[in-house]
Structures are given as C-alpha cells and as structure tokens.
Amino acid sequence: MSDLEKIKKAYLPMTETAFYILLSLSEPRHGYGIAKFVSELTNGRIKLGSGTIYGTLTKMQRDHLIAIFDDSDKRVVYEITDSGKSILNAEIARIKLIYSDAVSQENKFIAQEEGSE
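Predicted model, so just to flag it, every value in this text is computed and none were measured. (Residues numbered from 1 in each chain as written. Predicted model: local features only at pLDDT ≥ 70, side-chain atom pairs only at ≥ 80, totals over all residues. Heavy atoms only, no water.)

**Concerning unusual backbone geometry**
Threshold: Strands are runs of DSSP state E lasting at least two residues, helices are runs of H or I lasting at least four, and both sets are numbered from the N terminus onward. Here the term buried applies to any residue with accessible area under 20% of the maximum for its type, exposed to any over 50%, and partly exposed to those in between, with areas from a 1.4 Å probe on protein chains only.
For the bond running from L12 to P13, omega is -5°, close enough to zero to count as cis. By the secondary structure assignment, P13 is in the loop between α1 (3-11) and α2 (16-24). Even without glycine at this site, H64 takes up a positive phi of about 65°. Residue classification places H64 among the exposed residues on the basis of a relative accessible area of 56%.

Now the structure itself:
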C-alpha cells in the first residue's frame, strides 16, 4: 500500500474540520485566514477554534497534505500539497455521490413526512 493510499484510508471520510481546512487552502492562508474563510463560506455555520485549526494543521503537515508556504512574518502561512489536493478531490467525489443518493431518495421522505401529519 502506497503512502498516499495509507493517508486516504486515514482521512476518508473526512471530518468537516479537515475538509474545510483543505478547501480553504485554494490559496495560501494563515490560521486566522482559514477560520475567517470557513466562517464566511458556511455563513457562520462552522466556526473553527484556534486549537482545532492548529491541531489539524499540525497533523496535516505531518502527513504532507499541507506545507508551510511562508513563515517570515509572525504568522505561518500554509498551502495545500499535491497529496492534499488528491485527498480533497477524493472527498469531494465521495460527497457528490452521497448528495446524488440523497437527492434521488429525498422525495420519498418528504412524502412520508407530509402524509404523517
């Protein structure tokens, strides 16, 4: 089993935190920038705390999903690696399948819900 396959097995399915952190790295960002991006993208539904962010960033850096882009200022700026992009794309594909399955069955549950009232 390759290193990437091992990492995929460890990360997939992803936690929302890991997913949104990788998604936020469409451009290099520091921790606060990640939190702000995620909060704005989700209309405040997800608010990542600094402990959660930095714990996940440390793990992702160790697993080579992200790398330090710049640490010359007081803030460390992270970027996604090719491995990180591969993991993120696999998770996006998985979520699309789940979404498709849910949509295909949604009306069955809406009809049941409306009929039970």
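From this point, the discussion proceeds with the structure in view.
**Quick look at the pairing of strand β2 (residues 66-70)**
On a regular strand, one side chain projects to one face of the sheet and the next to the other, so that they alternate. The line we're drawing: Here, a strand pair is defined by DSSP locating no fewer than two bridges between the strands.
Relative to strand β3 (residues 77-80), β2 runs antiparallel, the two being bridged by four bridges. Paired with I66 across the strands is I80, a residue of β3.

**Let's talk about the pattern of salt bridges**
Basically, it comes down to this: What counts as a salt bridge is simple: a side-chain nitrogen of Lys or Arg found within 4 Å of a carboxyl oxygen of Asp or Glu.
Per the counting criterion, the structure on display carries five salt bridges. A salt bridge links E27 to R29; the nearest nitrogen and oxygen atoms lie 3.6 Å apart. For E27, a relative accessible area of 42% translates into the label partly exposed. Looking at R29, the relative accessible area reads 15%, which means it is buried. Ionic pairing is found between R62 and D63, a salt bridge with its closest N-O pair at 3.7 Å. Assessed through its relative accessible area of 54%, R62 is described here as exposed. Residue classification places D63 among the buried positions, given a relative accessible area of 16%. Among the charged side chains, a salt-bridge network with shared partners connects K59, R62 and D63.

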